[in-house]
Structures are given as C-alpha cells and as structure tokens.
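Observations on the three-dimensional arrangement
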Amino acid sequence: MSIGIDKIGFATAKYQLKMADLAAARDTDPNKYSVGLMLDSLSIAPITEDIVTLGAAAADQILTKEDKATIDMVIVATESSIDQSKAAAIFIHGLLGIQPFARSLEMKEACYSATAALNYAKLHVTAKPHSKVLVIASDIAKYGLRTSGEPTQGAGAVAMLVTSQPRILALNDDNMAQTRDVMDFWRPNYSNTPFVQGMFSTKQYLDCLKTTWAEYQQRYDTNLKDFAAFCFHIPYPKLASKGLNKLLDKSLPDAKREQIQQNFEASIHYSRQIGNIYTGSLYLSFLSLLENAKTLKAGDKIGFFSYGSGAVSEIFSGQLVAGFENRLEKNRQAQLEQRQTLSVADYEKIFFEEAQLDDQGNAEFDGYDTHSFTLDRIDQHQRLYKRN
Ligand code: CAA
C-alpha cells in the first residue's frame, strides 16, 4: 500500500524585512546576506500571529469538510511552542473543526520533529489505511537583535495531509536516522531565544549530512544517480548549498548533476524570501521544489535531509505521484510579494513584542494584519483565537 503526502499547504506572516535594509542598519555589506547567506528577505510575525495561527492557516487551505470528518490524528511539530503543557495541535484541532475522536499532540526536537511526525503518521496510516493524519510544522524562528542568527530568522508553517494512495508523494521505507549529543543550538525553558554556537552548528549539520548519507547509501545500496532532486533543511540557503556539494560526487554524469543543481535552485526559491522556519523548512523546500521546478515528473525520486540541532538528522525519500502538479498553489509568489515591508525600526518593535499581562493575566492586541486566524487576546492566561 502506498502512503504519503496527499496535500500540502503553507502560510507565512504578512510582514517582511528586506535583507538590504537589515544590512544597512547593521552596517554590513548587503552581499554578505544576499550572496554569503543567499537570503533576500525574512517573514516577520507580529504578536497576534503564532504557531497556532500559522499552522491553522496552512491547514485551512487544504482541508475539505470530508477531510475534517476523517482526520483522526493531528500532530504539530515545533521549536517555538506557546505552552509548556497544552499541545498547539489541540488549539488547531478546535479552530479547524476536526471531528472529536482524534489524537492531538505536539512533538519537539529543534528543527527535526516534523520528520518524526511524518513517520508516525505513515505508521498510523499503515495500521489504519482509511485514516488521515494532519502533520503541521510551525515555527517562528527568533534569534534576537544583533545576534549572529538575526539575518536567518523567519516565520511560517507547512501542513501536510498524510493518507494512503497519496496524490503528491509516496513515501519509501528507507529512513536512516542519526542521533548525536551536541550543544550547537538549544533553548532552556527560561529563554525566548536560543543559545547558538553558530559555526559549530554548521559543522554539525554538514557532518550529520555526510555520515547519515554514507550509512543510507550503504544500507539501501543507492546513490545520487537514483534521485531527481534532494531537499534539505534550510537554516539559510547557503548552508543547504554546501550540503548539496557534499552529495555531488565526481562520478555523477553531467546531465544528472545539472538536473539536481537546477532542482536545488527551485527548492530554495521560497526560503530565500522567508528565512528559516525551523521544523517546516525542509518541507517548505519540498513545496518550493514542486512549485518552481521545470522538469519534475511522476515517478521521480526525491531525497530529504532533515536536521535538528542537538542533534538528530534523518535521510529518507519518496516518489512523485502522477498528477502531483494539479495539487499545488498557482500564485504563491504573488502572495509572498504582497507582504508588507517593515522598516528595521518597526521589525525590531513588532517581532520582539511581548504580551503585557495585567494582574489577572489579561492582554489585548490589535492593529496587526494576520493570515486566516488571529491571536485575539489573552484572558486569565488563556490564549483566545479567532478566525479573521
Ligand atoms: N560578500 C559575500 N559573502 C560574504 C561577505 C560579503 N561581503 N561577507 C561574508 N560573506 C560570506 C562568508 O564568506 C560566509 O560564506 P562561506 O560560509 O561560504 O564562507 C557567509 O557569508 C557567512 O559569513 P560568516 O562566515 O562571517 O558567518 P556569519 O557571521 O554570517 O554567521 C552563522 C553564520 C554562524 C551560521 C549565523 O548565521 C548563525 O549563527 N546562524 C544561526 C545558526 C544556524 O543557522 N546554524 C545552522 C546549522 S543548525 C540548524 O540547522 C538548525 C537550525 O535551523 C537553527
């Protein structure tokens, strides 16, 4: 039985920061961002847009009434959780009106956990072929002002409906994971922003890729010739590009090399304009590939490299299903261009705004544009959302 991604949706914040503006404000050569990191702009979320509103908006685009009546599991993968106890998946389950007899939970491991969620969804559908599982990767990537990671921030959510007989991607049974205990990026409970050993983290990313790929190739007796494209976790596109170079061995025929390189360019198209969205970034790369590549066809094998600091990495693959191109959004680029551009001063205020709670734990917000859902207010420490 084939199991995989039947539908995929995406939502990002309605505001953006242009890298050229950030470079000017930080007295940095703009080429460092546009060439050195390969970033043009970042999505900036206001206080009323969080992982719940973004995740719900991404899923809302793809789900029909029938899907909502059938989904029996909702998993939200995130690094930027809004609650230490209650799962964001429960808020989203409620906002979307999914039938009550469903399991809802949240998963965490830095940028990696959506890959575990996808795998859990696959196992669930294997056991119950009529089930549908909603997997959402939703994050607001916030490093802090004037930190080394500041130019790689971002916000967004990818929603995937996992079913049997999927119409976009059939997942293969070839997952190869690796765990290593390293402190490259972590966020203690008392901190809103991560502690990062930036250069060390890039080395871990690349070494996890190299070693997981070597083990994957050996276990599954395969190499890059078998793939049409490879999607990467994209903390910033330049690092993924270095990752690709690790896979492109010299024995690869020129035509294959060119195909993989062209598809890689398509896969980073959205990330260049959105920045890092942590758990969703690998799946945004897949969406970008699907919507921007020129030569993809049914049956093409796509490789995936997932990485979450700490660290867990995983390589797996899937096969494109006939008709996948009919399941995609046609005007994503136009939507990205419609984001309102913020000045650096407004970005500094809006992205880092904190709720000012009164003695009873109440706060009200207004004045910001959000996707289809909004964090309306906090009432006695309860986050209350509304559909726009
Ligand atoms: N023109 C063109 N290129 C320039 C330039 C200029 N004027 N100035 C610098 N550059 C280039 C540099 O040569 C470098 O390119 P190479 O890597 O090819 O050498 C690139 O721009 C970056 O410059 P620096 O090496 O000076 O590094 P930086 O100060 O920009 O910091 C970073 C890079 C440490 C990764 C920082 O962005 C960071 O801390 N990011 C957050 C952590 C991160 O993303 N880690 C990735 C792995 S962890 C992970 O994957 C999980 C996750 O999502 C966080």
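Everything numeric in this text was worked out from a predicted model, so none of it was measured.

1. What to know about the site of the ligand
- By nearness alone, 26 residues border the ligand, and Asp29, Ser148, Ser201, His233 and Lys242 come closest of all.
- Between the ligand and lysine 32, the relevant distance is 3.1 Å, taken from an oxygen atom to a side-chain nitrogen or oxygen of the residue.
- When the ligand is considered free in solution it has 1,000 Å² of accessible area, and contact with the protein chains removes 75% of it.
- Of all the elements in the fold, those that place two or more residues in the shell around the ligand are helix H2 (30–37), helix H7 (198–220) and helix H8 (237–247).

2. Observations regarding the sheet that holds strand E18 (residues 382–387)
- The strand order across the open sheet built from 3 strands is E16-E17-E18, with neighbouring strands paired in antiparallel fashion. A single partner strand is all that each edge strand has here, and the edge strands are strand E16 (363–364) and E18.

3. Looking at the packing of helix H9 (residues 254–267) against helix H11 (residues 281–292)
- At a minimum axis separation of 7 Å, H9 and H11 run at an interaxial angle of 110°. Compared by their axis directions, H9 and H11 come out roughly perpendicular. The element H9 and its partner H11 pack so that their crossing is right-handed. The segment H9 lies against H11, with Asn263, Ala266 and Ser267 engaging Ser285, Ser288, Leu289 and Asn292.
- In the contact of H9 with H11, the residues fall into 2 nonpolar, 5 polar and no charged.

4. Some details on the UniProt feature "binding site: (3S)-3-hydroxy-3-methylglutaryl-CoA" (unreviewed entry) in the chain
- Annotation from UniProt places "binding site: (3S)-3-hydroxy-3-methylglutaryl-CoA" (unreviewed entry) at Asp29, Tyr143, Lys242 and Asn276. Checking the annotated residues one by one, the ones that line the second largest pocket turn out to be Tyr143, Lys242 and Asn276.
- Considering the arrangement of structural elements, one finds tyrosine 143 in the loop between strand E6 (132–141) and strand E7 (154–164).
- Tyrosine 143 sits in the buried class, given a relative accessible area of 11%.
- Residues in contact with tyrosine 143, not counting those within four places in the same chain, are Gly149, Glu150, Thr152, Gln153, Phe185, Thr193, Pro194, Val196, Asn276 and Tyr278.
- Mapped onto the elements, lysine 242 comes out in helix H8.

Cut-offs used in this document
- Residues numbered from 1 in each chain as written.
- Predicted model: local features only at pLDDT ≥ 70, side-chain atom pairs only at ≥ 80, totals over all residues.
- Heavy atoms only, no water.
- Near = heavy atom within 4 Å.
- Polar contact = N/O pair within 3.5 Å; in protein donor to acceptor, adjacent residues only side chain to side chain.
- Areas by Shrake-Rupley, 256 points an atom, 1.4 Å probe, with all protein chains shown as cover.
- Helix = DSSP H or I, 4+ residues; strand = E, 2+ residues; numbered from the N terminus.
- Pairing = 2+ DSSP bridges.
- Axes fitted to C-alpha atoms, helices over the stretch in contact; angles between N-to-C directions.
- Parallel < 35°, antiparallel > 145°, perpendicular 65-115°, else oblique.
- Left-handed = near helix turned anticlockwise from the far one by under 90°.
- Contact = heavy atoms within 4.5 Å.
- Nonpolar A, V, L, I, M, F, W, Y, C, P; charged D, E, K, R; others polar.
- UniProt positions renumbered as here; feature names shortened; annotations may be inferred.
- 1 Å grid on protein atoms, 1.4 Å probe; cavity = no way out; pocket = protein on both sides within 12 Å on 5 of 7 lines; lining within 4 Å.
- Buried < 20%, exposed > 50% of the residue type's maximum accessible area, 1.4 Å probe, protein only.

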